[in-house]
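Survey of secondary and tertiary structure
Listed below, chain by chain, are the residues.
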Number of protein chains: 2
Amino acid sequence: MRLYSYFRSSASYRVRIALNLKGISYEHAGIHLLRNGGEQLSEAYRHINPEGLVPALVDDSADSEVILSQSLAIIEYLEETHPEHPLLPQDAASRAAVRAFALSIACEIHPVNNLRILKYLSQTLGASDEQKNAWYKHWCESGLQVLEQRLQQRPVQTPFCFGEQPGLAECVLIPQIFNAQRFQCDLSATPLLMAVYERCMALPAFQQAQPSAQPDAE
Amino acid sequence: MRLYSYFRSSASYRVRIALNLKGISYEHAGIHLLRNGGEQLSEAYRHINPEGLVPALVDDSADSEVILSQSLAIIEYLEETHPEHPLLPQDAASRAAVRAFALSIACEIHPVNNLRILKYLSQTLGASDEQKNAWYKHWCESGLQVLEQRLQQRPVQTPFCFGEQPGLAECVLIPQIFNAQRFQCDLSATPLLMAVYERCMALPAFQQAQPSAQPDAE
């Protein structure tokens, strides 16, 4: 497998964690989101992913080459093709709870705060750096607080979000926390999430997936 | 099953289509997003969905009551618990392609354009109505054009996005087109998407799910 990734991209980071948790080895292909006007927008990369977003995963192990995009679709594909070290629980209701947790980040927090949105805010709407930071913090902090509440309401408290092992929820949560720290969000209101974060960052699968451990890290 | 829904909410509309395509009957519970400061933020509704978003689905048919949120997690749950009339294809690579298509809308187009974001743009950043409309059109039109390209690149052209029947892709696409029309986006650059839209809107499952057919329609 070959992963087109940028060290700092949260969505790439999610897939790197999933690959590591499942013990799937892969080749790294760096796509620099800022250099050359954004390599993700180049014609060569658009041929792989017309959306012009990272990550993309190419799987050569199948009968014919499979090109995948959208981090959550990639992770579901890995789960279906490599069921060992499952990232989702077995029963439908629990699977739905884990997916809803992941989607809360992927659909409510992350999209509002990614690079192209922040760029539009400053370049087209004339937002100041201060306004941009306030925007980021608003969506990130309020979004994470809802997830904190979800963990508080668990019938049984567990070391990871949904049990004894990390899975899909952590693949999405850890990159978001990493991002929140980078933008100096206040995370004092989310102690349960932070405890999960600390436990994950003690594991090699997460350590090796983090931005600073990537070949294209700066 | 009981669906907490707002007639005009795209995410609710997605789940209504999925329920109809699978022939699952459900009870409708209206949550008005504007009235009373937003009924989705009321304490009563927060008890059902702490995120304060519609839709939420309550399934009483299971051993114990299951409360679900996040439209895509709900649709995956319906797919797993009611496999008849499948919304996803069988093989992993095709499933990933359909999910990536749905996630492109759910993660790249819709979140940037929902009510609370538009409200923040005007109330906190002081964006004019014109700037808000330009923002909406920018993300919606460019996002849909990427999906049009995906359909153009299909190895075989089919009546629906990924085959002979509508499924997950259409559950997410049709509400987004509906929304785009409401905001007067230019859809002339996406003829393949519009052809799928027309085919879907000829089917009772989609007609009965549309906003104007809901008990809470205005």
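Residues numbered from 1 in each chain as written. Chains lettered and ligands numbered in written order. Predicted model: local features only at pLDDT ≥ 70, side-chain atom pairs only at ≥ 80, totals over all residues. Heavy atoms only, no water.

Within an unreviewed UniProt entry, the label attached to chain A reads Maleylacetoacetate isomerase, and the organism entered is Undibacterium luofuense. Heading Sequence similarities (unreviewed entry) of the UniProt record for chain A holds this comment: "Belongs to the GST superfamily. Zeta family." (UniProt positions renumbered as here; feature names shortened; annotations may be inferred.)

What follows concerns the relation of the copies chain A and chain B. For the match of chain A to chain B, the screw axis carries a shift of 0.0 Å, the RMSD comes to 0.0 Å, and the turn is 180°. Both chain copies can therefore be described as sitting about a two-fold axis. Rotation axis and chain A: the residue whose C-alpha lies nearest the axis is Cys107(A), separated from it by 2.4 Å. A shared binding surface is used by both copies, with 100% of the interface residues of chain A retained as interface residues in chain B. (Least-squares fit on C-alpha atoms with pLDDT ≥ 70 in both. Contact = heavy atoms within 4.5 Å.)

Let us look at the environment of Arg199(A). Residue and element names in this part refer to chain A. Mapped onto the fold, Arg-199 is located in helix α8 (residues 191-201). Given the relative accessible area of 37%, Arg-199 is considered partly exposed. In this structure the C-alpha to C-alpha distance between Arg-199 and Ala-56, which are 143 residues apart in sequence, comes to 28 Å. (Helix = DSSP H or I, 4+ residues; strand = E, 2+ residues; numbered from the N terminus. Buried < 20%, exposed > 50% of the residue type's maximum accessible area, 1.4 Å probe, protein only.)

In this section: the UniProt feature "domain: GST N-terminal" (unreviewed entry) in chain A. Per the UniProt record, "domain: GST N-terminal" (unreviewed entry) is annotated on residues 1-86 of chain A. Between the end C-alpha atoms of residues 1-86 of chain A the distance is 19 Å, and the span holds 34% helix and 19% strand.

Let's shift gears to the UniProt feature "domain: GST C-terminal" (unreviewed entry) in chain A. As annotated in UniProt, the feature "domain: GST C-terminal" (unreviewed entry) corresponds to residues 91-218 of chain A in the numbering used here. Annotated as residues 91-218 of chain A, this span is 63% helix and 0% strand, and its ends, taken at the C-alpha atoms, are 42 Å apart.

Take the sheet that holds strand β3 (residues 56-59) of chain B next. Note: strands within a sheet are paired through backbone hydrogen bonds, in either parallel or antiparallel orientation. All names here are of chain B. Pairing within the open sheet is mixed, and its four strands lie in the order β2-β1-β3-β4. Two strands in the sheet have a free side with no partner beyond their single neighbour: β2 (27-30) and β4 (66-69). Across this sheet, the average inter-strand angle for adjacent strands is 20°, counted without regard to direction. Pairing of strand β1 (residues 2-5) with β3, which is carried by three bridges, proceeds in the antiparallel orientation. Each residue of the ladder has a partner; that of Arg-2, found in β3, is Val-58. Sheet contacts for helix α1 (residues 10-22): β1 and β3; angle to β1, the most-contacted strand, approximately 150°. In this fold helix α3 (residues 71-81) packs onto β3 and β4, with an angle of close to 130° to the strand it touches most, β4. (Pairing = 2+ DSSP bridges. Axes fitted to C-alpha atoms, helices over the stretch in contact; angles between N-to-C directions.)

Residues and elements named next belong to chain A. Strand order in the open sheet made by the four strands is β2-β1-β3-β4, with mixed pairing throughout. The two strands at the open ends of the sheet, each matched to only one other strand, are β2 (27-30) and β4 (66-69). With strand direction ignored, the average angle separating the axes of adjacent strands in the sheet is 20°. Across the face of the sheet, helix α1 (residues 10-21) comes into contact with β1 (2-5) and β3 (56-59) while running at roughly 150° to β1.

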